[in-house]
Amino acid sequence: MIALASDHGGYGLKQEIKKHLEERGLEYKDYGCYSEESCDYPDFAHKAAHAVAQGECECGILICGTGIGISIAANKVPGIRAALCHDCFSAAATKEHNNANMLAMGARVIGPGLALKIVDTFLDTPFSNDERHVRRIGKIEEI
Ligand code: RB5
């Protein structure tokens, strides 16, 4: 199960991502928002981040205008490693190296074509499980 969340700035791209996940046969849960009416991204970031941190969802995708605010908010939840990615190299690297459990993107930064490729890269790239990366992620949890 993939947790989704956005604010009004990311609502349109989130709808495109939902369609894409359905075409891939992947299940998701949308933690809001549910329209383009102005709202506060931390409210939805926290709901989706808690779902991932508590194991209700394996990973999550977060969208706001820039991807910045919603990733900052999600990263306040213990156990969350939300990575802001606007290219496929970063999306692959953050899975391989950081075992990121949430992807954040900005709908005002990139178009839907690239965003969907980033989503696929993030979902399809496994964690390397290399000892050095496991050790570094462990140190993040100690902070
Ligand atoms: C909303 O206008 C905008 O501030 C928000 O979507 C996001 O970009 C914040 O980081």
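All of these numbers come straight from a predicted model, not from anything done at the bench.

Colleague: Go over the pattern of salt bridges with me, naming the residues and quoting the values.
Modeller: All chains considered together, the criterion is met by seven salt bridges. Note that Lys-14 is salt-bridged to Asp-30, the shortest N-O span being 2.9 Å. Taken together, the residues span a long stretch of sequence, with Lys-14 in helix 1 (residues 11-23) and Asp-30 in strand 2 (residues 28-30) at a distance of 16 residues. The exposure class of Asp-30 is buried, given its relative accessible area of 14%. With a shortest N-O distance of 3.4 Å, Arg-81 and Glu-141 are connected by a salt bridge. Here the residue Arg-81 occupies a position in the loop between helix 3 (68-74) and strand 4 (82-84), and Glu-141 occupies one in helix 6 (residues 131-142), the gap between them amounting to 60 residues. Owing to a relative accessible area of 16%, Arg-81 belongs among the buried residues under this scheme. Accessibility expressed as a relative area gives 42% for Glu-141, which makes it partly exposed. Residues joined by salt bridges that share partners form a network here, namely Lys-14, Lys-18 and Asp-30.

Colleague: Describe the nonpolar core, with residues and values.
Modeller: Counting 23 residues, the largest nonpolar core has Ala-48, Leu-62, Ala-74, Ile-80 and Met-102 as the members making the most contacts within it. Among the elements of the structure, strand 1 (2-6), helix 2 (41-53), strand 3 (59-64), helix 3 and strand 5 (102-106) are those that each provide at least two residues to this core. Each residue touching Ala-74, except ones within four places of it in the same chain, is listed here: Ala-45, Ala-49, Leu-62, Ile-80, Ala-82 and Met-102. Counting 20 residues, the second-largest nonpolar core is a separate cluster that includes Leu-13, Ile-17, Ile-61 and Ala-100.

Colleague: Please provide a residue-by-residue account of the pairing of strand 1, values included.
Modeller: Most of strand 1 sits inside the fold, with five of its five residues counted as buried. Side chains Ile-2, Leu-4 and Ser-6 project from strand 1 onto one buried face, and the interleaved Ala-3 and Ala-5 project onto a second face that is buried too. Sheet analysis places strand 1 next to strand 2, joined by three bridges and oriented parallel. Paired with Ala-3 across the strands is Lys-29, a residue of strand 2. One crossover worth recording links strand 1 to the parallel strand 2 by way of helix 1, and it is right-handed.

Colleague: Outline the pairing of strand 5, supporting the account with residue identities and numerical values.
Modeller: Within strand 5, five of the five residues are buried, which leaves it mostly tucked inside the rest of the structure. The handedness of the strand 4 to strand 5 crossover, carried by helix 4 (residues 88-98), is right-handed.

Colleague: Before we move on, could you go through the sheet that holds strand 2 and cite the residues and values that matter?
Modeller: Pairing within the open sheet is parallel, and its five strands lie in the order 2-1-3-5-4. Each edge of the sheet is formed by a strand with only one pairing partner; in this case those strands are strand 2 and strand 4. Within this sheet the neighbouring strands show an average axis-to-axis angle of 20 degrees, counted without direction. Helix-sheet contacts for helix 1 involve strand 1, strand 2, strand 3 and strand 5, and the interaxial angle to strand 1 is about 160 degrees. Seen against the sheet, helix 5 (residues 112-124) touches strand 1, strand 3 and strand 5 and runs at an angle of roughly 170 degrees to strand 5.

Parameters and conventions
- Residues numbered from 1 in each chain as written.
- Predicted model: local features only at pLDDT ≥ 70, side-chain atom pairs only at ≥ 80, totals over all residues.
- Heavy atoms only, no water.
- Salt bridge = Lys/Arg side-chain N within 4 Å of Asp/Glu carboxyl O.
- Helix = DSSP H or I, 4+ residues; strand = E, 2+ residues; numbered from the N terminus.
- Buried < 20%, exposed > 50% of the residue type's maximum accessible area, 1.4 Å probe, protein only.
- Core = buried A, V, L, I, M, F, W, Y, C linked by side-chain atoms within 4.5 Å.
- Contact = heavy atoms within 4.5 Å.
- Pairing = 2+ DSSP bridges.
- Right-handed = clockwise from strand over helix to strand, strands pointing away.
- Axes fitted to C-alpha atoms, helices over the stretch in contact; angles between N-to-C directions.

These figures come from the coordinates and say nothing about function on their own.
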